There are 4 protein chains.
Amino acid sequence: MAGSTWGLLFKVTTAGVSHGPGYLCIIDGCPSGMPLNTEDLLPDLKRRKPGQSKYTTQRQEDDSPEIISGVYAGKTDGTPIGLLFRNNDQRSFDYDSINTSYRPGHADFTFDAKYGFRDPRGGGRSSARETICRVAAGAVARKLLSFVGISVVGYVTRVGEVEAHVPDPVMVTQAMVESNPIRCPDPVAADAMAEQIDSARKSLDSIGGIAEIVAVGVPPGWGEPVFDKLKADLAKALMSLPAVVGFEYGAGFATAKAKGSQNNDHFEVRQDRTWGLGTKSNRHGGILGGISSGEPLIMRVALKPTSSIPQPQPSVNRNRQPIELVTKGRHDPCLLPRFVPMGEAMVMLTLVDHWLRHRAVTGIF
Amino acid sequence: MAGSTWGLLFKVTTAGVSHGPGYLCIIDGCPSGMPLNTEDLLPDLKRRKPGQSKYTTQRQEDDSPEIISGVYAGKTDGTPIGLLFRNNDQRSFDYDSINTSYRPGHADFTFDAKYGFRDPRGGGRSSARETICRVAAGAVARKLLSFVGISVVGYVTRVGEVEAHVPDPVMVTQAMVESNPIRCPDPVAADAMAEQIDSARKSLDSIGGIAEIVAVGVPPGWGEPVFDKLKADLAKALMSLPAVVGFEYGAGFATAKAKGSQNNDHFEVRQDRTWGLGTKSNRHGGILGGISSGEPLIMRVALKPTSSIPQPQPSVNRNRQPIELVTKGRHDPCLLPRFVPMGEAMVMLTLVDHWLRHRAVTGIF
Amino acid sequence: MAGSTWGLLFKVTTAGVSHGPGYLCIIDGCPSGMPLNTEDLLPDLKRRKPGQSKYTTQRQEDDSPEIISGVYAGKTDGTPIGLLFRNNDQRSFDYDSINTSYRPGHADFTFDAKYGFRDPRGGGRSSARETICRVAAGAVARKLLSFVGISVVGYVTRVGEVEAHVPDPVMVTQAMVESNPIRCPDPVAADAMAEQIDSARKSLDSIGGIAEIVAVGVPPGWGEPVFDKLKADLAKALMSLPAVVGFEYGAGFATAKAKGSQNNDHFEVRQDRTWGLGTKSNRHGGILGGISSGEPLIMRVALKPTSSIPQPQPSVNRNRQPIELVTKGRHDPCLLPRFVPMGEAMVMLTLVDHWLRHRAVTGIF
Amino acid sequence: MAGSTWGLLFKVTTAGVSHGPGYLCIIDGCPSGMPLNTEDLLPDLKRRKPGQSKYTTQRQEDDSPEIISGVYAGKTDGTPIGLLFRNNDQRSFDYDSINTSYRPGHADFTFDAKYGFRDPRGGGRSSARETICRVAAGAVARKLLSFVGISVVGYVTRVGEVEAHVPDPVMVTQAMVESNPIRCPDPVAADAMAEQIDSARKSLDSIGGIAEIVAVGVPPGWGEPVFDKLKADLAKALMSLPAVVGFEYGAGFATAKAKGSQNNDHFEVRQDRTWGLGTKSNRHGGILGGISSGEPLIMRVALKPTSSIPQPQPSVNRNRQPIELVTKGRHDPCLLPRFVPMGEAMVMLTLVDHWLRHRAVTGIF
């Protein structure tokens, strides 16, 4: 256990379950003196919020945190930032029928196996509502990174069979992403994705997809080989989110089919860069030897289709008896649109942590 | 920095570079009383060793460790296991020409950017020779896991355009894997892969691929949400290895195209299992909610083609001048065959760590 | 930064300052299935509470936590236990005059030096009110330890010139300790200590002292050499509390004058013990080689006199100007009585952590 | 287990036992570019070495390390520094008679209880020979600290009944300390201490003492409340060393008898300091609120008399039978002289770690 803390120097600890009183988030290690208030956290929290459109769950949650500590007179004071989120639309009755059932694709059985019993009021600790803490912490990280010129943008590149056309990931802006409820910067694909999701929803089903996250402005030198390579920590960061089943960066799985002569990115002199060089292409996704190269970080994750689907499914209950199960509740037919801020958050938390680790030892000799 | 330690309770720390005197590996946290000697480490080390076939580098290394501590009278004594590997075939002159050049796809530039200078005698700390420590530690983990009935088998499923046909990953044995130098359990595909590698080598090129790793016997309940989920730590473990650019488990990226009704694995009563149930299919790769489900763990990683290729490539040197670069050295034209023991090692280190974390809090109430 | 988390497996993270909205405490790693409710936390919290007697500060605080997570249906559920404490008697005006002054003995200057500015509303993060989180977490630890037969009792052995006579530390019960407001099990000394404190208070002064903490029932084998020795972690645990300036265990500093022949505790056969032996004396305080010996753990800490005294003192302000400073506020004239539950808490948190670390690797071979 | 790593950012991991092949030490997180070679390590190692005088054990050990990694072309290269020490004067026969005996004051029984068996060839992992790794790592830390103007000096202030007179701890130099084999800067006391040790040795006994360690040049602001306070980590650092049974800083245990009006150090304007102020006295030992104040750090530790004494003692063996035990071996009659470099090393490792933690977050806003 004790798996609820992220980071070495920029440490995020969360507590809470979906149908209890609420969530706590403690962000320890934020540099002091940064302007911060609740409004800084709301935009990302709003993007994560359920009920934004018909493509996401209709559950209503209050996602405004109370800042309990860590901010004094409008600035971070160097002490841990404490956040409190209240749960207030619990409707636990929705979940009554599944009290002892093991829902397919869910953590019901594994939590039961691990802890001896589980909170039957919903996903409990495995509910994606926990990401409210991560997104809030990510918003703090976003603000920090803005001071060193780093911006992180995520978007949906695939829903089911529909793939977006994104000519240059580095040119995608948050405005482009937020221009449609799917969070896909290709408006034509966005419409087709919306249709796919709607069709899945109508057929009492759900659908998977892929999101891409880009970080621009990361200077060369971040990442701590051999185990805490930047690619390794980014993978862990994103794989720790619910429903994520795959991670790749740069050319990723496609490199399996490539030759070295095709895949190598060649260095070239670049006078416009502080460090004087760059690569002509970016198949390496901004990471070489586990360390940032100065090129934009580009990574992708695959999300499985929502496990909760409102059609009857065979399963087993706690007493090891076969049952037929109908999940009522309210669930996203596709997780991708709301995943975008969650994924960005984990990338930003990881970048801040590596930034601080790098600062600790740099510029001495 | 300080990124050279893996694990929370079963802690592996490594030191060393490819062209220095050697490598140190300290394994701290191994339970006492387990029979262990050098011979236990050699089989996996031999599988990792260069020069095994024409499909791998012809560099000769002495891969026998000296056990400096942690074993008394043939058994682990509970204190840190210390291993020493000597480097003895260094041929550093091979690397002279690249002393100040930034090889494409390599960590030359990023190490330089991070540390202010780099060891020009080869890959330095980023050399895959460092995995000798991981494979040795993995062999200790393998022995530990054998006492709880867990076996871990990896193999190559793709080289370039050739994909293996593996009807049931769970049935693949190490004997099948070791029956050919490619480490592919499908002998027909293995031949085609060998041809691809040979062809790449002859055209002074290299080629990428995919490996799959399966862990059978992991009981339900391992993994520590919300950040140290089993899937997250396995991803980090494998992504920390050189050349790995993608990770997925279970159905992985393919789920992006799937519907929930197709992707959900249904639970069924299984009298033959201690815990009385199982899933009919295993698209979830043995992990639900970040916790092991009792089904076999199945994961895949993509490796890029070797960055070192013996053909001229444009690049930049330390002085920010354009150069043409020819990598001499001796390098694997395809990393996959030798990756198999490295990948298995990281999976096993992760499993032992999670096993111990689980033991710490289980069975009290 | 990032120094607000304690423990490896039983992890306690706190946030909050004395004059902000409140405190958060997250206890991550508590085994699931243990009965727990708010009432379990109140007795220790009440003992820590200010305003208990004229020997402690008259500040009124509401010390009842709200359990936000980690408990379901009256039992711990294996997920992080989240606690919220509200601050409600802030009287920040009391502290106005010291806004820019550096109080002697306080962290005003050092926080300023560290974070660039500080919360001028009181002690901020360095206020002893933060121990409310530790005492609550300690109460959870106390309950856990009770299931393995371990009890932890602390008490005051010295205030100023008055030393208690405690014939056998192991026989001291909490009832004896709580029988007087000083928390000294020697009633005669307790009266003399009360007089000393009262006299210090009347002369607008404060006074230091020593507390002893005893843990009975710790089995042999806990502690992780070479760095995480039990004595080392207990020292850190207690030294992390406000005002603690010294730590010793067993015969402690007195051994500096001793000969080996006097100081060695001789082993003897003890049929009444599970492990069949014990030591005739306990000058080693229950720890040998950094590992528990099965004998009671005995340790002592020294606390300096309260730095806040209501008499004028020369000092310097933020602008580096000499000032005369009068601390108003309400402060304990002697910290010892209220320290007892804080010290016990840190000892118990340390013991639980080492218990779990020991469980992780024990009984395999 | 897994207790053999020290530090968060400047991480030291050790392995090895006294009668095995040797010791490994990995120092991970040292900034790159610092000149370093074996000669930098030898002075401190020589001071730690047994057999320096008749006041220390006559055991001969080769204490020269081989640098396996982390140094390239005379400078640290940012990768882990790996050190190898060989054991070469083992005389394991000396220890035969105690193979199954539990020596009083030693870790024989507790290791046995913890690990199920123990290395009977000597102290095993609990042997003070392990500190060879710490002293070598400390020498690296010493060099690092010299670049920020910090010097750390330790010395003996008490042996048995003899107390040194040290008018001003800050004025003690290493030259003064090394001018006599006792490492006491008061030459008169040093002679009396030598007599005490000699007398203990002749009467087949041993004797305890106290050492003081001073760090000059630590700027204000180091230390990470609330758990990783500087005083807490220094306490753990020193208490993790063999035979240390007590720790205090500043006025320490003496403050228990003090009034606040006596104990408070008053701030005064100090133009000669970068930060413009200081305290008139230094009873706070350079730490306020767990953070360095800019005044010299002053701390003291008590060491028990050597447990190994060459006179017969009653004990118990592994079979729970009473025995009479005679420790042969060769042991220090007083541990204090050789403790000095060990204590300095742990203080320096702690300071470097806190320096880097401080650097990570300072100077951003």
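Just above, that's the structure.
The rules behind the values
Residues numbered from 1 in each chain as written. Chains lettered and ligands numbered in written order. Predicted model: local features only at pLDDT ≥ 70, side-chain atom pairs only at ≥ 80, totals over all residues. Least-squares fit on C-alpha atoms with pLDDT ≥ 70 in both. Contact = placed C-beta atoms within 7 Å. Pairing = 2+ DSSP bridges. Helix = DSSP H or I, 4+ residues; strand = E, 2+ residues; numbered from the N terminus. Axes fitted to C-alpha atoms, helices over the stretch in contact; angles between N-to-C directions. Nonpolar A, V, L, I, M, F, W, Y, C, P; charged D, E, K, R; others polar. Expected span 1.5 Å × (residues − 1). Buried ≥ 20, exposed ≤ 12 C-beta atoms within 10 Å, placed from the backbone. Parallel < 35°, antiparallel > 145°, perpendicular 65-115°, else oblique. Left-handed = near helix turned anticlockwise from the far one by under 90°. Core = buried A, V, L, I, M, F, W, Y, C linked by C-beta atoms within 7 Å.

Moving on to the relation of the copies chain A and chain B. In screw terms, the move from chain A to chain B is a rotation of 180° and a rise of 0.0 Å along the axis, fitting with an RMSD of 0.0 Å. The transformation just described matches what one would write down for a two-fold rotation axis. When the interface residues of chain A are mapped onto chain B, 100% of them are again interface residues, pointing to one common binding face.

Next up on the list: the sheet that holds strand S11 (residues 209–216) of chain B. As summarised here, the arrangement of the 10 strands in space is S10(A)-S9(A)-S11(A)-S17(A)-S12(A)-S12(B)-S17(B)-S11(B)-S9(B)-S10(B), forming an open sheet in which the pairing is antiparallel. Only two strands of the sheet have a single neighbouring strand rather than two, namely strand S10 (162–163) of chain A together with strand S10 (162–163) of chain B. Those strands touched by helix H8 (residues 336–361) of chain A are strand S9 (151–159), strand S11 (209–216) and strand S17 (297–303) of chain A, and its axis lies near 145° from that of S9(A).

A few words now on the interface of chain A and chain B. Taken together, the 92 residues of chain A in the interface contact 92 residues of chain B. Ranked by residue count, the leading element in the side of chain A that touches chain B is helix H6 (residues 230–239) of chain A, at six residues. Considered class by class, the residues forming the side of chain A that touches chain B number 39 nonpolar, 33 polar and 20 charged.

Next up on the list: the sheet that holds strand S7 (residues 81–86) of chain B. All names here are of chain B. On the basis of which strands lie adjacent, the open sheet formed by five strands has the order S1-S2-S3-S7-S4 and antiparallel pairing. Strands at the two margins of the open sheet, each flanked by one partner only, are strand S1 (5–6) and strand S4 (66–69). One ladder, built from three bridges, connects S4 with S7; its direction is antiparallel. If you follow Glu-66 over to S7, its bridge partner there is Leu-84.

With that out of the way, let us pick up helix H3 (residues 131–146) of chain A. In a regular helix each residue adds 1.5 Å, so 16 residues correspond to 22 Å; H3(A) covers 22 Å between its end C-alpha atoms and thus fits that length. Of all the 16 residues making up H3(A), 14 are buried; the element is thus mostly covered by neighbouring parts of the structure.

Let us now look at the packing of helix H8 (residues 336–361) of chain B against helix H8 (residues 336–361) of chain C. Interhelical geometry of H8(B) versus H8(C) gives an angle of 120° and a closest axis separation of 7 Å. The pairing of H8(B) with H8(C) is recorded here as oblique in orientation. Crossing geometry of H8(B) relative to H8(C) is assigned as right-handed. Only Leu356(C), Arg357(C), Arg359(C), Ala360(C) and Val361(C) of H8(C) make contact with H8(B), whose side of the interface consists of Leu356(B), Arg357(B), Arg359(B), Ala360(B) and Val361(B). Residue classes in the contact of H8(B) with H8(C) are distributed as six nonpolar, no polar and four charged.

With that settled, the discussion passes to helix H8 (residues 336–361) of chain D. Residue and element names in this part refer to chain D. The first and last C-alpha atoms of H8 sit 38 Å apart over 26 residues, in line with the 38 Å expected at 1.5 Å per residue. Of all 26 residues in H8, 26 are buried; the element is thus mostly enclosed. In the segment just after H8, Gly-363 is the residue with positive phi, at about 80°.

As a further point, take the environment of Gly105(B). Its location among the elements puts Gly105(B) in the loop between strand S8 (101–102) and helix H2 (108–115). Placed 42 residues apart in sequence, Gly105(B) and Asp63(B) show a C-alpha to C-alpha distance of 26 Å. For Gly105(B), the contacting residues outside a window of four places in its chain are Asn264(A), Asp265(A), His284(A), Leu288(A) and Ser307(B).

Glycine aside, residues mostly have negative phi angles, and peptide bonds mostly take the trans form. Going from Pro225(A) to Val226(A), the amide bond is cis rather than trans, its omega being 5°. Relative to the assigned elements, Val226(A) resides in the loop between S11 and H6. Its identity as a non-glycine residue notwithstanding, Arg320(D) has a phi of 60°, on the positive side.

Our next topic: the nonpolar core. Formed by 460 residues in total, the largest nonpolar core has its most connected members in Leu349(A), Leu349(B), Leu349(C) and Leu349(D). Residues within four places of Leu349(A) in sequence aside, it is in contact with Trp6(A), Gly7(A), Phe10(A), Val12(A), Ala137(A), Gly138(A), Ala141(A) and Ala237(A).

Once that is clear, we can look at the pairing of strand S2 (residues 11–16) of chain A. All names here are of chain A. Counting buried residues in S2 gives six out of six residues, a clear majority hidden from the surface. Alternating positions in S2 separate into two faces, Lys-11, Thr-13 and Ala-15 on one and Val-12, Thr-14 and Gly-16 on the other, with burial throughout. Judged from the two bridges that link them, strand S1 (residues 5–6) and S2 form a sheet pairing that is antiparallel. Considered in S2, the bridge of Thr-5 is made with Thr-13.

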